[in-house]
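Descriptive analysis of the structure
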Amino acid sequence: MSPKENRSLDEIEKDIARNRDDLAATIDELAYRVKPANVAKRQVEEAKGFVDRTTRTPEGGLRLEVVGPAVGAVVLLVALAIYNRTRR
């Protein structure tokens, strides 16, 4: 007979209680992970990391070949918006 077959009722109840606690902890973790506020927070952190990796050198300086055109595009969009408003 294997050791599992000779377990007492008390050991089986303890195993069930431990499994129930493990399952509850897993469900709590899943609920935390899918909570919309937490998902949004992770997405914001991921976006910040992407922007930082894209616009900065490993030493921390700005990558002008990336930042320059982006700033130019923003300036152009603002200028077009102002031009459209003044034309009306």
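Calculation rules
- Residues numbered from 1 in each chain as written.
- Predicted model: local features only at pLDDT ≥ 70, side-chain atom pairs only at ≥ 80, totals over all residues.
- Heavy atoms only, no water.
- Helix = DSSP H or I, 4+ residues; strand = E, 2+ residues; numbered from the N terminus.
- Rg over C-alpha atoms; globule rule 2.2 N^0.38 Å.
- Buried < 20%, exposed > 50% of the residue type's maximum accessible area, 1.4 Å probe, protein only.
- Areas by Shrake-Rupley, 256 points an atom, 1.4 Å probe, with all protein chains shown as cover.
- Lys, Arg positive; Asp, Glu negative; His and termini not counted.
- Charge placed at Lys NZ, Arg CZ, Asp CG, Glu CD.
- Salt bridge = Lys/Arg side-chain N within 4 Å of Asp/Glu carboxyl O.
- Axes fitted to C-alpha atoms, helices over the stretch in contact; angles between N-to-C directions.
- Parallel < 35°, antiparallel > 145°, perpendicular 65-115°, else oblique.
- Contact = heavy atoms within 4.5 Å.

The next subject is the overall build of the protein. Helix and strand content of the protein: three helices and zero strands. Helices and strands appear in the protein in the N-to-C order α-α-α. In terms of C-alpha radius of gyration, the protein reaches 28 Å, well past the compact-globule figure of 12 Å for 88 residues. Its C-alpha atoms give the protein principal-axis dimensions of about 85 × 40 × 15 Å. Buried positions account for 5% of the 88 residues belonging to the protein. Taken as a whole, the protein presents about 8,000 Å² of accessible surface, with 62% of it coming from carbon and sulfur. Where the 16 positive side-chain charges of the protein centre and where its 14 negative ones centre are 14 Å apart.

Time to look at the pattern of salt bridges. For side chains of opposite charge, pairing can occur when their charged atoms come near one another. With the rule as written, the count across this model stands at six salt bridges. Of the charged contacts, one joins Arg7 and Asp15 as a salt bridge, the two residues approaching to 2.1 Å between their closest N and O atoms. Looking at Arg7, the relative accessible area reads 29%, which means it is partly exposed. Looking at Asp15, the relative accessible area reads 18%, which means it is buried. A salt bridge links Glu29 to Arg33; the shortest N-O distance between them is 2.9 Å. A residue pair is termed a helical-turn pair when its members lie 3 or 4 positions apart in one helix, as Glu29 and Arg33 do in helix H1 (residues 9-34) at four residues. Here Glu29 falls in the partly exposed class, since its relative accessible area comes to 36%. Residue Arg33 is classed as partly exposed on the basis of its relative accessible area, which comes to 45%.

A few words now on the packing of H1 against helix H2 (residues 36-55). Remark: H1 packs on H2, axes separated minimally by 5 Å, with the N-to-C direction vectors making an angle of 60°. Taken together, the axes of H1 and H2 are oblique relative to one another. Contacts from Tyr32, Arg33 and Val34 of H1 reach H2 at Pro36, Asn38, Val39 and Arg42.

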